[in-house]
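# Descriptive analysis of the structure
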Amino acid sequence: MAETNKGIEEEVASAFVNHYYHLFDNDRSSLSSLYNPTSLLTFEGQKIYGVENISNKLKQLPFDQCRHLISTVDSQPSSIAGGCGGILVFVSGSLQLHGEDHSLRFSQTFHLIPVLQGSFFVQNEMFRLNYG
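Residues numbered from 1 in each chain as written. Predicted model: local features only at pLDDT ≥ 70, side-chain atom pairs only at ≥ 80, totals over all residues. Heavy atoms only, no water.

## Concerning the overall build of the protein chain
Counting its regular elements, the protein chain contains two helices and six strands. Traced from its N-terminal end to its C-terminal end, the protein chain shows the element sequence α-β-β-α-β-β-β-β. For 132 residues, the compact-globule estimate of 2.2 N^0.38 gives 14 Å, and the C-alpha radius of gyration of the protein chain, at 15 Å, lies within 12% of that figure. Structurally, the protein chain occupies a C-alpha span of about 45 × 35 × 25 Å along its principal axes. Of all 132 residues assigned to the protein chain, the portion counted as buried reaches 42%. (Helix = DSSP H or I, 4+ residues; strand = E, 2+ residues; numbered from the N terminus. Rg over C-alpha atoms; globule rule 2.2 N^0.38 Å. Buried < 20%, exposed > 50% of the residue type's maximum accessible area, 1.4 Å probe, protein only.)

Here's what the structure looks like:
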């Protein structure tokens, strides 16, 4: 198959990734606006449900300052029941913690669901550090 031009899902994915990691690195408590009551985060194998629990988990991470360096962003359109298309986003990169010499490699996946014209929320998210 021939490679297609950059699709709307890639534009949305790129904008989302920039927004998400900017908030994470600068104003983590604001990330709660990206989730809804049915959202599910799997963080290092631990399942966390709903806006409040996800927000608490992210705020309680054992570091205050960090910087994400994104290596790759891949995206695909996804279809869900009812025909409204979501976007699957896969991110790989490194996480630099304040005061640490070495960065940590990570992978993260988001399933974005449209809510309003041009607006999305995170339905599913998975995060893993990559060791080795």
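## A short note on the pattern of salt bridges
Evaluated as defined, the whole model comprises one salt bridge. The shortest N-O distance in the salt bridge between arginine 128 and glutamate 44 comes to 3.7 Å. Linking arginine 128 in strand β6 (residues 119-130) with glutamate 44 in the loop between β1 (35-43) and β2 (46-49), this pair joins segments that are 84 residues apart in sequence. (Salt bridge = Lys/Arg side-chain N within 4 Å of Asp/Glu carboxyl O.)

## Examining the packing of aromatic side chains
Aromatic ring pairs are reported here in terms of the distance separating the ring centres and the angle at which the planes meet. As enumerated under the stated definition, the model contains nine aromatic pairs in all. Plain terms: the ring middles of tyrosine 20 and tyrosine 21 are 4.9 Å apart, the flat faces sit at 80 degrees to each other, and that makes the pair edge-to-face. On the basis of relative accessible area, tyrosine 21 is assigned to the buried category, the value being 4%. Ring plane angle 10 degrees and centroid distance 4.9 Å describe the contact between phenylalanine 43 and phenylalanine 127, whose orientation is recorded as stacked. Here the residue phenylalanine 43 occupies a position in strand β1, and phenylalanine 127 occupies one in strand β6, the gap between them amounting to 84 residues. Of the two residues examined, phenylalanine 43 and phenylalanine 127, each falls in the buried class. (Phe/Tyr/Trp six-rings, centres within 6.5 Å; stacked < 30°, edge-to-face > 60°.)

## A few points about helix α1 (residues 8-26)
Taking 1.5 Å per residue as the helical rise, α1 with its 19 residues ought to reach 27 Å, and the 27 Å between its terminal C-alpha atoms agrees with that figure. Listed in full, the buried residues belonging to α1 are Glu9, Val12, Ala13, Phe16, Val17, Tyr20, Tyr21, Leu23, Phe24 and Asp25. Of the surrounding elements, those touching the buried residues of α1 are β1, α2 (51-59), β3 (66-79), β4 (85-97), β5 (104-116) and β6. (Expected span 1.5 Å × (residues − 1). Contact = heavy atoms within 4.5 Å.)

## A closer look at the sheet that holds β5
In space, the six strands of this open sheet follow the order β2-β1-β6-β5-β4-β3, with mixed pairing throughout. On the outer flanks of this sheet lie β2 and β3, each paired with one strand and no other. Strand-to-strand twist of the sheet, defined as the mean angle between neighbouring strand axes without regard to direction, takes the value 15 degrees. With 13 bridges joining them, β3 and β4 adopt antiparallel strand pairing. When the bridges of β4 are listed, serine 75 appears paired with valine 89. Sitting on the sheet, α1 is in contact with β1, β3, β4, β5 and β6, with an inclination near 145 degrees to β3. Across the sheet, α2 touches β1 and β2, and the angle it forms with β1 is around 45 degrees. (Pairing = 2+ DSSP bridges. Axes fitted to C-alpha atoms, helices over the stretch in contact; angles between N-to-C directions.)

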